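Residues per chain are reported as follows:
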Amino acid sequence: MRVVAATLHTVRLPLVHEFQTSSHAKRHLDHILVELTDASGAVGWGEIASASHPFYGPETVETATLVAERYLLPPLLGTSWEHPADAAKSWAKVRGNEFAKAGVDMACWVLAAEASGRPLAALLGGTRDRAATGVSLGIEPTIDALVAQVAAQVEAGYRRVKLKIAPGWDTEPVAAVRAVYPDHDLHVDANGAYPADDASFAVMRTLDQYHLTMIEQPFAPRDFVGHARLQAQLETPVCLDEAVETLADLETMIALGAGRVLNIKVSRLGGLTTSVAAHDRAREAGIPVWCGGMHEFGVGRAANVALSSLPGFTLPSDVSGSDKYYARDVITPPVETTADGYVPVPTRPGLGFDVDTEWVAANTLSTIHVEE
Ligand code: OSB
Ligand code: MG
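In this text, all values refer to a predicted model and were calculated from it rather than measured experimentally. (Residues numbered from 1 in each chain as written. Chains lettered and ligands numbered in written order. Predicted model: local features only at pLDDT ≥ 70, side-chain atom pairs only at ≥ 80, totals over all residues. Heavy atoms only, no water.)

Overview of the site of ligand 1
Next up, step 1: Close to ligand 1 lie 15 residues; S136, D189, N191, K265 and H295 are nearest.
Next up, step 2: Contacts to ligand 1 include K162, whose side-chain N or O atom sits 2.9 Å from an oxygen atom.
Next up, step 3: In the model, an oxygen atom of ligand 1 is placed 2.9 Å from a nitrogen or oxygen of the K265 side chain.
Next up, step 4: Burial of ligand 1 by the protein amounts to 99% of the accessible area it has alone, namely 390 Å². (Near = heavy atom within 4 Å. Polar contact = N/O pair within 3.5 Å; in protein donor to acceptor, adjacent residues only side chain to side chain. Areas by Shrake-Rupley, 256 points an atom, 1.4 Å probe, with all protein chains shown as cover.)

So, in structure tokens, the structure goes:
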């Protein structure tokens, strides 16, 4: 396989419901769709799902564009490779910039799947025919508004509900939701908003009483020691998200006991290649994983569904239906959740969905084209 041309499409889609995390609120998202063409004319799409601001991780849409155009595509174009993991070796010298790498890596996997006539899930080593879905709910203006959101999503069939928390918005909303849903699979995600001090440990010990499925990333991204100390005091599993960007980080997590669950997010780990390796390593270490999201458009969302079909993904993933975020997605059909909370894993070759190139064009802010 040999990529001869690449296009970066920066696309803006409005969100159907404003999303507020511990750090910021969003009404629309700009993601970069990566379109790769090989010498035979086969096309593979990927998605760089970076936020516009460096508040989740250090990258932005601008940095990802620059890194992809200047440092990832030039070594890839004109390199011959058999397996997508080998394509990823072409940019091995580039440090960090995992979101940018993830979009190009994903496009290589999809291209390989299209060209070989195999579904992406099969190429990744998937074994399930459906992925259990969870939904992630942002910080709402009031507790009543949050409880109403939870009710709507439980009604829609989502098997697990995750609540974003932040200092001042934690034990009360959790208590309110638990009062209405004593048994639903519920977890919280702080996106690293808490300092690892005594007051935060006390909040986490209170949350420990609500039999949550996990407490995700309470402390800062690199604070493995803080998370290990917390995990030692809690019954509830600590889940790491932002902390684990590389396989070496995963080894640190395992060695220190810094968490008992791993959120595998394709963007944060630099693509599907590393995500599969992280899945394999976590499985060997007895750590259950689930697939996290970055509000992906359909391309990245479809890749998340395919990845969630691997056997170690034993917890519901953040692979909500497209309609949770977008009135019209960039793929047809959109990702759809069944009434009992699953997304079927596509059996068609390649991505398993058609990219709606007209809708992509209608929402494109800018494009960059690179040829061999
Ligand atoms: O921590 O999982 C997170 C969105 C933006 C930044 C960080 C996170 C999220 C989500 C989105 O929770 C979940 C989804 O894509 O459905
Ligand atoms: Mg998270």
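Examining the coordination of the magnesium ion (ligand 2)
Next up, step 1: Taken together, the protein donors to the magnesium ion (ligand 2) comprise D189 (OD), E216 (OE) and D241 (OD), at separations of 2.1 to 2.3 Å.
Next up, step 2: Look at where the donors of the magnesium ion (ligand 2) fall in the sequence and you get D-x26-E-x24-D. Note that D189 is positioned in strand 7 (residues 185-189) and D241 in the loop between strand 9 (238-240) and helix 9 (247-256), a separation of 52 residues in sequence.
Next up, step 3: Residue D189 is classed as buried on the basis of its relative accessible area, which comes to 0%. (Donors = N, O, S within 2.8 Å, 3.2 Å for Na, K, Ca; no water. Helix = DSSP H or I, 4+ residues; strand = E, 2+ residues; numbered from the N terminus. Buried < 20%, exposed > 50% of the residue type's maximum accessible area, 1.4 Å probe, protein only.)

Here we look at the packing of helix 9 against helix 10 (residues 272-284)
Next up, step 1: In contact at an axis separation of 10 Å, helix 9 and helix 10 are set at 20° when each is read in the N-to-C sense. When the axes of helix 9 and helix 10 are compared, the pair comes out roughly parallel. Classified by chirality, the crossing of helix 10 by helix 9 is right-handed. Seen from helix 9, the contacting residues are L247, L250, E251 and I254; seen from helix 10, they are T274, A277, A278, R281 and A282.
Next up, step 2: Residues that form the contact of helix 9 with helix 10 fall into these classes: six nonpolar, one polar and two charged. (Axes fitted to C-alpha atoms, helices over the stretch in contact; angles between N-to-C directions. Parallel < 35°, antiparallel > 145°, perpendicular 65-115°, else oblique. Left-handed = near helix turned anticlockwise from the far one by under 90°. Contact = heavy atoms within 4.5 Å. Nonpolar A, V, L, I, M, F, W, Y, C, P; charged D, E, K, R; others polar.)

Digging into the sheet that holds strand 7
Next up, step 1: The seven strands are arranged 5-6-7-8-9-10-11 in an open sheet whose pairing can be described as parallel. Looking at which strands have only one partner, the edges of the open sheet turn out to be strand 5 (134-137) and strand 11 (289-291).
Next up, step 2: Strand direction decides the pairing type here: strand 10 (residues 261-264) and strand 11, joined by three bridges, are parallel. When the bridges of strand 11 are listed, L262 appears paired with V289.
Next up, step 3: In the packing of helix 5 (residues 143-155) onto the sheet, contacts are made with strand 5 and strand 6 (160-164), and the angle to strand 5 comes to roughly 165°. (Pairing = 2+ DSSP bridges.)

What about the pattern of salt bridges?
Next up, step 1: A full pass over the atoms with the stated rule returns 15 salt bridges.
Next up, step 2: In this structure, the salt-bridge partner of D189 is K164, at a minimum N-O distance of 2.8 Å. One end of the pair, D189, is in strand 7; the other, K164, is in strand 6, and 25 residues separate them in sequence. Here the two residues D189 and K164 agree in accessibility, since each one is buried.
Next up, step 3: Note that D241 and R268 form a salt bridge whose closest N and O atoms lie 2.6 Å from each other. A residue pair is termed long-range when its members are at least 10 positions apart, and D241 in the loop between strand 9 and helix 9 and R268 in the loop between strand 10 and helix 10 qualify at 27 residues.
Next up, step 4: Owing to a relative accessible area of 2%, R268 belongs among the buried residues under this scheme. (Salt bridge = Lys/Arg side-chain N within 4 Å of Asp/Glu carboxyl O.)

Focus on unusual backbone geometry
Next up, step 1: Residues T332 and P333 are joined by a peptide bond in cis, for which omega reads -15°.
Next up, step 2: Positionally, P333 belongs in the loop between strand 12 (331-332) and strand 13 (342-344).
Next up, step 3: We note that N97 has phi near 55°; this positive angle belongs to a residue other than glycine.
Next up, step 4: According to the relative accessible area criterion, N97 is partly exposed, its value standing at 25%.
Next up, step 5: One non-glycine residue, H295, adopts positive backbone phi at about 55°.
Next up, step 6: For H295, the position within the fold is in the loop between strand 11 and helix 11 (298-307).
Next up, step 7: The class for H295 is buried, based on a relative accessible area of 9%.

Quick word on the packing of aromatic side chains
Next up, step 1: This model, assessed by the stated rule, comprises five aromatic pairs.
Next up, step 2: With centroids separated by 5.6 Å and ring planes inclined at 20°, the aromatic side chains of F201 and F219 adopt a geometry described as stacked. One end of the pair, F201, is in helix 7 (residues 198-207); the other, F219, is in the loop between strand 8 (215-216) and helix 8 (224-233), and 18 residues separate them in sequence.
Next up, step 3: For F219, a relative accessible area of 0% corresponds to the buried category. (Phe/Tyr/Trp six-rings, centres within 6.5 Å; stacked < 30°, edge-to-face > 60°.)

Section: helix 6 (residues 171-180)
Next up, step 1: Within helix 6 the residues assigned to the buried category are P173, V174, V177 and R178. Across the axial projection of helix 6, the buried residues extend over an arc of 130°, all falling on one side. Exposed and facing more than 90 degrees away from the buried side of helix 6 are E172 and A179.
Next up, step 2: Where helix 6 is buried, its residues contact helix 5, strand 6, strand 7 and helix 7. (Arc of directions from axis to C-beta.)

Observations concerning the domain arrangement of the chain
Next up, step 1: What the domain assignment lists for the chain is domain 1 (3-117 + 356-371) and domain 2 (123-344).
Next up, step 2: The straight-line distance from the C-alpha centre of domain 1 to that of domain 2 is 23 Å.
Next up, step 3: When the two sides are added together, the surface that domain 1 and domain 2 hide from each other amounts to roughly 3,400 Å², 67% of it contributed by carbon and sulfur.
Next up, step 4: Among the residues of domain 1 in contact with domain 2, F19, Y56 and W109 are the three that bury the most area, contributing 21% of the side total.
Next up, step 5: Counting across the domain 1 and domain 2 interface gives one salt bridge.
Next up, step 6: Residues D356 and R328 are paired through a salt bridge, measuring 2.8 Å at the closest nitrogen-oxygen approach.
Next up, step 7: On inspection of domain 1 and its partner domain 2, the count reaches 13 residue pairs in polar contact (both at pLDDT 80 or more).
Next up, step 8: For the side of domain 1 that touches domain 2, the secondary-structure elements that each account for two or more residues are strand 1 (3-20), strand 2 (25-38), strand 3 (43-48), helix 2 (84-89), helix 3 (98-116) and helix 12 (357-362).
Next up, step 9: Among the elements that line the side of domain 1 that touches domain 2, the one with the most residues is helix 3, at nine residues. (Domains from an automatic or database assignment. Buried area = accessible area lost by both parts, 1.4 Å probe.)

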